[in-house]
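One-letter residues, chain by chain:
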Amino acid sequence: MIKVAIMGYGTIGSGVYEILERNREIVSRAAGQEIQVAYILDLREFPGSAVENKIVHDFDVIRDDDEVKIVVETMGGLEPAYSFVKACLESGKHVATSNKALVAAHGTELLAIAREKQVNFLFEASVGGGIPIIRPLYRCLMGEKIEEITGILNGTTNFILTKMDKEGTSFQWALKEAQALGYAERNPEADVEGHDTCRKLAILIAMVTGKEVNYEEISTEGITEITDVDFKYAAALDTSIKLVGSSHMEAGKVHAWVAPVMIDRDHPLYAVSDVYNGILVKGTMLGTTMYYGSGAGKLPTASAVVADILEAAKEMDSNIPLGWTEEKQEISPIGESVHRYFVRVSGTYEDRKDMVETVFGKSRVVELPEMEEFAFLTGPMKESRFLENLEILKVELTAEYQKVIQVIRAE
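Residues numbered from 1 in each chain as written. Predicted model: local features only at pLDDT ≥ 70, side-chain atom pairs only at ≥ 80, totals over all residues. Heavy atoms only, no water.

## Examining unusual backbone geometry
So, point 1. Of note, the bond from E79 into P80 is cis; its omega dihedral lies within 30 degrees of zero at 5 degrees.
So, point 2. Note that P80 resides in the loop between β4 (68-73) and α4 (81-90).
So, point 3. Here the phi dihedral of Q118 falls at roughly 55 degrees; this positive angle occurs in a residue that is not glycine.
So, point 4. With respect to the helices and strands, the residue Q118 is situated in the loop between α5 (100-117) and β6 (121-122).
So, point 5. Judged by its relative accessible area of 41%, Q118 is partly exposed.
So, point 6. The phi dihedral of D238 is positive, around 60 degrees, even though this residue is not glycine.
So, point 7. Position of D238 among the secondary structure elements: in the loop between α11 (228-236) and β9 (239-250).
So, point 8. Judged by its relative accessible area of 38%, D238 falls in the partly exposed class. (Helix = DSSP H or I, 4+ residues; strand = E, 2+ residues; numbered from the N terminus. Buried < 20%, exposed > 50% of the residue type's maximum accessible area, 1.4 Å probe, protein only.)

So this is what it looks like as structure tokens:
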């Protein structure tokens, strides 16, 4: 029998316990022995529940019990999660976590401790919820050279943008509905400003390059400035708008960014809607593969944690080679990345045609009925060049008492 402790009995932690109980026979068969939850660390008591007698409030109980071999961290946040996980690894216990903030901020150190102690620090659930993506990178694609990872990595923002696209609602209205359904937190900043996607992308890049990635170096934009009018233009262009995290690895350089992007109908990520996630991985030999599914939620995410428990159960006496080292991976400046750009401008195109073509050359132009504005879609260009041209256009427009209303990158 293998004894497990769960730290944090919220949505994900309770889901892990539920799966271990409901799928007891399947889990035991996969592990080769029984998996038993010995302790659940939480501030609450849960009187009258099935876990009432497993609740502990003192972390030392878990750390000091040598019979507890695997610890699940589903507390979220950095503290006390970081201190507790570090102590567990140093005590020779395997750890499985769903905490992307912890992995992005302290993964390098925690992986190093796990190697030293010959235990495992596993984090499949930290990216993509229930979608298997971490394990495929270090097992199924271990013979591949990965050139690109691009994905929709946040279910909350994808739900909001889908509502805006399909129903024509405003950002604020769609956000309120996401909060009412439990998809968005009361403070949704981490999701809607792109920080959650950025941390997940940093973890994926680190997995692929084998080097530490500072997520703060990844250019990140959220969706708070996207409007229902932007989606009207997107429909006219036969596109949709998604919050995308993207990384391209070439010649030792990594280009990475998080931003709203206009995606064409024939792009694989176009059809990823609602709270679902989709992750594209491109390898030199395999080509492009896509991983699609529930990117969040109680049981999907808990399922990924349970998979890590079973992985640890099969490798109780050894460290699985995965993750990255302390060597730093440089992220190229966003100005070096190449995109097309969607630009909305006040006034009529007829009056501004010469100005736009002089600055950006021939572009695809869209005008909506009864709108005192127009939009154009540029050809591919480096972001640094685009920004230089955009400043020229802004100066010209200011002289005419007009302005650039919106800029969105496009695939």
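## Structural notes on the environment of C198
So, point 1. Looking at where C198 falls in the secondary structure, it is placed in helix α10 (residues 195-209).
So, point 2. Residues C198 and L153 lie 45 residues apart in sequence; the distance between their C-alpha atoms is 8.8 Å.
So, point 3. Discounting chain neighbours no more than four positions away, the residues touching C198 are Y215, I218, T220 and V258. (Contact = heavy atoms within 4.5 Å.)

## Quick word on the pattern of salt bridges
So, point 1. Per the stated rule, a full pass over the model turns up 28 salt bridges.
So, point 2. For E177, the salt bridge identified is with K163, shortest N-O distance 3.1 Å. Placement of the pair is E177 in helix α8 (residues 171-180) and K163 in helix α7 (residues 155-167), with a sequence separation of 14 residues.
So, point 3. Residue E177 is classed as partly exposed on the basis of its relative accessible area, which comes to 26%. (Salt bridge = Lys/Arg side-chain N within 4 Å of Asp/Glu carboxyl O.)

## Things to note about the side chain of S126
So, point 1. Along the chain, S126 turns up in the loop between β6 and α6 (134-140).
So, point 2. A distance of 2.7 Å separates a polar side-chain atom of S126 from the backbone oxygen of F123.
So, point 3. What S126 contacts, discounting residues up to four positions off in sequence, is T97, S98, N99, K100, V103, K200 and I203. (Polar contact = N/O pair within 3.5 Å; in protein donor to acceptor, adjacent residues only side chain to side chain.)

## Thoughts on the packing of aromatic side chains
Two numbers describe a pair of aromatic rings. These are the distance of the centres and the angle of the planes.
So, point 1. Scanning all chains against the criterion turns up 12 aromatic pairs.
So, point 2. A ring pair is formed by Y9 and Y17, whose centres lie 6.3 Å apart and whose planes are at 75 degrees; its orientation type is edge-to-face. For the pair shown, Y9 and Y17 are each scored as buried.
So, point 3. Their ring planes at 65 degrees and their centres at 5.3 Å tell us that Y349 and F374 sit as a pair that is edge-to-face. A residue pair is termed long-range when its members are at least 10 positions apart, and Y349 in helix α13 (residues 349-360) and F374 in strand β15 (residues 373-377) qualify at 25 residues.
So, point 4. Among the residues examined, Y349 registers a relative accessible area of 13% and is labelled buried.
So, point 5. Under the relative-accessibility criterion, F374 is labelled buried at 0%.
So, point 6. An aromatic cluster is built from Y341, F360, F376 and F386, whose rings are joined through pairwise contacts. (Phe/Tyr/Trp six-rings, centres within 6.5 Å; stacked < 30°, edge-to-face > 60°.)

## Here we look at the side chain of T74
So, point 1. Mapped onto the elements, T74 comes out in the loop between β4 and α4.
So, point 2. Separated by 2.8 Å, the side chain of T74 and the backbone oxygen of G8 make a polar contact.
So, point 3. If sequence neighbours within four positions are ignored, T74 has contacts with I6, M7, G8, I12, G13 and S98.

## Some points on α8
Quick reminder: α-helices carry 3.6 residues per turn. Residues three or four places apart thus point the same way.
So, point 1. All of the buried residues in α8 are F171, A174, L175 and A178. Down the axis of α8, the buried side of the element spans an arc of 100 degrees, and every buried residue falls inside it. Exposed residues lying more than 90 degrees from the buried face of α8 are W173, K176 and A180.
So, point 2. Looking one or two places after α8, you find G182, whose phi comes out positive at around 85 degrees. (Arc of directions from axis to C-beta.)

## Describing the packing of helix α1 (residues 11-22) against helix α12 (residues 298-314)
For any two helices packed against each other, the geometry is given by the interaxial angle and the distance between the axes.
So, point 1. Between α1 and α12, the shortest axis-to-axis distance is 8 Å and the interhelical angle comes to 65 degrees. Of the two elements, α1 crosses α12, and the hand of that crossing is right-handed. Of the residues in α12, those in contact with T11, I12, S14, G15, V16, E18, I19, L20 and R22 of α1 are K298, L299, T301, A302, S303, V305, V306 and I309.
So, point 2. For the contact of α1 with α12, the residue count by class is 9 nonpolar, 5 polar and 3 charged. (Axes fitted to C-alpha atoms, helices over the stretch in contact; angles between N-to-C directions. Left-handed = near helix turned anticlockwise from the far one by under 90°. Nonpolar A, V, L, I, M, F, W, Y, C, P; charged D, E, K, R; others polar.)

## What to know about the nonpolar core
What tends to happen in soluble globular proteins is that the nonpolar side chains get buried as a cluster.
So, point 1. Core analysis: the biggest nonpolar cluster contains 116 residues, and F121, F123 and I218 have the highest contact counts within it.
So, point 2. In contact with F123, other than residues within four places in its own chain, are T97, V103, L111, I134, I203, M207, D308, L322 and W324. (Core = buried A, V, L, I, M, F, W, Y, C linked by side-chain atoms within 4.5 Å.)

## Concerning the environment of S98
So, point 1. Relative to the elements of secondary structure, S98 occurs in the loop between β5 (94-97) and α5.
So, point 2. Along the primary structure S98 and P188 are separated by 90 residues, whereas in three dimensions their C-alpha atoms are 19 Å apart.
So, point 3. For S98, the contacting residues outside a window of four places in its chain are I12, E73, T74, A125, S126, T301 and V305.

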